[in-house]
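# Coordinate analysis (summary)
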Amino acid sequence: MALPPIGNQLALTMLQERSAGTFAKVYLAEARGSDGLSRIVAVKVLKEQWQESEELIRRTRDEALLPPRQ
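### Some points on the overall build of the protein
- The secondary structure content of the protein amounts to one helix and four strands.
- For the protein, the succession of helices and strands along the chain, N to C, is β-β-β-β-α.
- Considered along the principal axes of its C-alpha atoms, the protein spans approximately 35 × 30 × 25 Å.
- Looking at the protein as a whole, 17% of its 70 residues are labelled buried.
- Long-range contacts, defined here as pairs at least 24 residues apart, represent 13% of the contacts in the protein between residues at least 6 apart.

Here is the structure:
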């Protein structure tokens, strides 16, 4: 699945599902900017029943802000 860039957002191409848990699935994806630069990223997608949970959304955002593991 590929999503085109909108404005300064990235185009995402989901490459592979890497894991699935109670709350979300994690995919390996390629993120491509309108400038043509791309990189491999992890994308976490909350399962439908959790997409309205403010607590889970906050925790997911906090997790995304953590520095990468070495």
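### Observations concerning the packing of aromatic side chains
- In total, this model carries one aromatic pair according to the counting rule given.
- With a centroid separation of 4.8 Å and an interplanar angle of 75 degrees, the aromatic rings of Phe23 and Trp50 are classed as edge-to-face. Residue Phe23 is found in the loop between β2 (11-20) and β3 (24-32), and its partner Trp50 is found in the loop between β4 (38-46) and α1 (54-64); the two are separated by 27 residues along the sequence.
- Residue classification places Phe23 among the partly exposed positions, given a relative accessible area of 34%.

### Remarks on the layout of surface pockets
- The space that makes up the largest pocket amounts to roughly 610 Å³.
- Taken together, 17 residues form the lining of the largest pocket, with Ala42, Val43, Lys44, Thr60 and Ala64 sitting closest to its centre.
- At the level of secondary structure, the elements contributing two or more residues to the lining of the largest pocket comprise β3, β4 and α1.
- Along the lines of polarity and charge, the residues of the lining of the largest pocket split into twelve nonpolar, one polar and four charged.
- The space that makes up the second largest pocket amounts to roughly 160 Å³.

About the criteria used
- Residues numbered from 1 in each chain as written.
- Predicted model: local features only at pLDDT ≥ 70, side-chain atom pairs only at ≥ 80, totals over all residues.
- Heavy atoms only, no water.
- Helix = DSSP H or I, 4+ residues; strand = E, 2+ residues; numbered from the N terminus.
- Buried < 20%, exposed > 50% of the residue type's maximum accessible area, 1.4 Å probe, protein only.
- Contact = heavy atoms within 4.5 Å.
- Phe/Tyr/Trp six-rings, centres within 6.5 Å; stacked < 30°, edge-to-face > 60°.
- 1 Å grid on protein atoms, 1.4 Å probe; cavity = no way out; pocket = protein on both sides within 12 Å on 5 of 7 lines; lining within 4 Å.
- Points joined across faces, edges and corners; volume = space filled by probe spheres on them.
- Nonpolar A, V, L, I, M, F, W, Y, C, P; charged D, E, K, R; others polar.

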